[in-house]
Amino acid sequence: MDVRVIRDNLQSMSGPLNNHELRKLLLSLPGKAVRILCDQYYPALLKIAFSLTHDHEAAKDIVQETFCHIWKNARRLGAEQERSIQHYLVRVVRNRSISYYHEVNAQSREKARIAGTLQRHERSPESGYLQLEYAQEIRDMIARFPQRERECLTLKLDEELSNPEISARLGVGIKAVERSLTSARKRLRNELEARSKKKT
Amino acid sequence: MDRVTLIYKVLAGDANLPEQRTLARWLHESEENRREYENIRLLWRSTMLVEDRHPQEGAFDAIRHRVRKDQRRRRRMRAIISVLLAMIFGLLLVFLFQTWFVN
């Protein structure tokens, strides 16, 4: 029988589907029953899911999964029950949407936590230097460094020169520049750590 | 009358007094009834808010595709389990044959 004819038989005027008949159809022709339910309630359920998830794709996925669930459990749901199928549909969509919302929230909290941890770990002396926007305090720290280290670090950070460029500017070997920068970074890191310990 | 039809009728303002009383009585019976009413009211309101109420062809096709995919996966799993059980049974027979008849 055509789906439209069955649907018209199940429907009173333009109202909801008759539950008793719908359950019988779920037992005999689950695919057709799901199609009728889908035609009738898919857009409304999508609206409910979207209002809770604020994500179109997730809402679509939740509603489709709910109908799949109805199809796969047609035998159980087809048995006469006190609660209506419409109530069951809304309940499943609501519960899944709320679970999705909590899951996404938990994931974003975890991501923020990891990002925060990474940021703390990845903070090099240079980035710390830049973040404080050349604070006078750090400038004073660098001013107390040995001359070669001070020059190399200032050229690296202020003028963003590469090691060969610093080497050419100062007239020293690249190896010497690398050594000076490594030493300066270490010194700056130690100074910054000592400073943060002092503050805490 | 089907309960959902009755709720829809009351929500649409088309129910007469006895029908309204029937629904009110049912709502007073239990908390679960009130929860069901809330869910159906939400469905009714969402249906009213939807602009395009035409059947969604693509949506049903996607659902059917998902169900068939799941059915294929279950069939494959059943086949694998059957083969494994047959192999275990075969090995057991060989073992028993060797134990009883060869020795």
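Everything below is about the structure printed above this text.
Residues numbered from 1 in each chain as written. Chains lettered and ligands numbered in written order. Predicted model: local features only at pLDDT ≥ 70, side-chain atom pairs only at ≥ 80, totals over all residues. Heavy atoms only, no water.

1. A look at the packing of aromatic side chains
One pass over the structure, following the stated rule, counts 2 aromatic pairs over all chains. Seen from their ring centres, Tyr42 of chain A and Phe67 of chain A are 6.2 Å apart, and the 25° between their planes marks the pair as stacked. With Tyr42 of chain A in helix H3 (residues 30–53) and Phe67 of chain A in helix H4 (residues 56–72), this pair connects stretches of sequence that are 25 residues apart. Per residue, the accessibility class of Tyr42 of chain A equals that of Phe67 of chain A, and both read buried. Their ring planes at 10° and their centres at 5.9 Å tell us that Trp71 of chain A and Phe60 of chain B sit as a pair that is stacked. (Phe/Tyr/Trp six-rings, centres within 6.5 Å; stacked < 30°, edge-to-face > 60°. Helix = DSSP H or I, 4+ residues; strand = E, 2+ residues; numbered from the N terminus. Buried < 20%, exposed > 50% of the residue type's maximum accessible area, 1.4 Å probe, protein only.)

2. Focus: the interface of chain A and chain B
Listed per partner, the contact involves 32 residues of chain A and 32 residues of chain B. Buried area between chain A and chain B, both sides added, is near 2900 Å², and the carbon and sulfur share of it is 63%. Counting the contacts that link chain A with chain B gives 4 salt bridges. One salt bridge in this structure joins Arg66 of chain B and Asp61 of chain A, with 2.4 Å as the shortest N-O distance. (Contact = heavy atoms within 4.5 Å. Buried area = accessible area lost by both parts, 1.4 Å probe. Salt bridge = Lys/Arg side-chain N within 4 Å of Asp/Glu carboxyl O.)

3. Notes on unusual backbone geometry
Although it is not a glycine, His54 of chain A adopts a positive phi angle of roughly 60°. Its place among the elements puts His54 of chain A in the loop between H3 and H4.

4. Side note on the nonpolar core
Residues and elements named next belong to chain A. Counting 46 residues, the largest nonpolar core has Leu37, Leu45 and Phe67 as the members making the most contacts within it. Ranked by residues supplied to this core, first place goes to H3 with 11 residues. Leu37 has contacts with Leu17, Leu22, Tyr42, Phe67, Ile70, Ile85 and Leu89, leaving out every residue within four places of it along the chain. Core analysis: the next-biggest nonpolar cluster, separate from the first, contains 17 residues, Ile138, Leu161, Ile166 and Ala184 among them. (Core = buried A, V, L, I, M, F, W, Y, C linked by side-chain atoms within 4.5 Å.)

5. Some thoughts on a positive patch on the surface
Taken together, the side chains of Arg68, Lys69, Arg72, Arg75, Arg76 and Arg78 of chain B make up a positively charged region of the molecular surface. When you line up the elements, Arg75 of chain B lands in helix H4 (residues 57–102). (Patch = residues over 30% accessible without salt bridge, like charges linked within 9 Å, V, L, I, M, F, W, Y side chains within 5 Å. Areas by Shrake-Rupley, 256 points an atom, 1.4 Å probe, with all protein chains shown as cover. Lys, Arg positive; Asp, Glu negative; His and termini not counted. Charge placed at Lys NZ, Arg CZ, Asp CG, Glu CD.)

6. Focus on the side chain of Thr53 of chain A
Relative to the assigned elements, Thr53 of chain A resides in helix H3. Contact partners of Thr53 of chain A, with chain neighbours within four places excluded, come to Ala59, Ile62, Ser97 and Tyr100 of chain A.

7. With respect to a nonpolar patch on the surface
All names here are of chain B. Taken together, Met77, Ile80, Ile81, Val83, Leu84, Leu85, Met87 and Ile88 make up a surface patch of nonpolar side chains, about 770 Å² in accessible area. By the secondary structure assignment, Val83 is in helix H4. Residue classification places Val83 among the partly exposed positions, given a relative accessible area of 48%.

8. Let's talk about the pattern of salt bridges
Two side chains carrying opposite charge are able to pair once their charged atoms lie near each other. All chains considered together, the criterion is met by 18 salt bridges over all chains. A salt bridge links Arg66 of chain B to Glu65 of chain A; the shortest N-O distance between them is 2.9 Å. Placement of Arg66 of chain B in helix H4 and of Glu65 of chain A in helix H4 is noted, with the two residues assigned to different chains. Relative accessible area serves as the criterion here: at 23%, Arg66 of chain B is assigned to the partly exposed category. With a closest N to O distance of 3.0 Å, Arg74 of chain B and Asp70 of chain B form a salt bridge. Remark: Asp70 of chain B and Arg74 of chain B occur in helix H4; sequence separation between them is 4 residues, near one turn of the helix. Shared partners join several salt bridges into a network, and the residues in it are Lys72 of chain A together with Asp70, Arg73 and Arg74 of chain B.

9. Brief notes about the packing of H3 of chain A against helix H3 (residues 31–49) of chain B
When two helices pack together, you describe them by how their axes are tilted relative to each other and by the distance separating the axes. Packing of H3 of chain A against H3 of chain B leaves a shortest axis separation of 8 Å and a crossing angle of 105°. Between H3 of chain A and H3 of chain B, the angle is such that the two are roughly perpendicular. Of the residues in H3 of chain B, those touching H3 of chain A at Tyr41, Ala44, Leu45, Lys47 and Ile48 of chain A are Leu42, Leu43, Ser46, Thr47 and Leu49 of chain B. (Axes fitted to C-alpha atoms, helices over the stretch in contact; angles between N-to-C directions. Parallel < 35°, antiparallel > 145°, perpendicular 65-115°, else oblique.)

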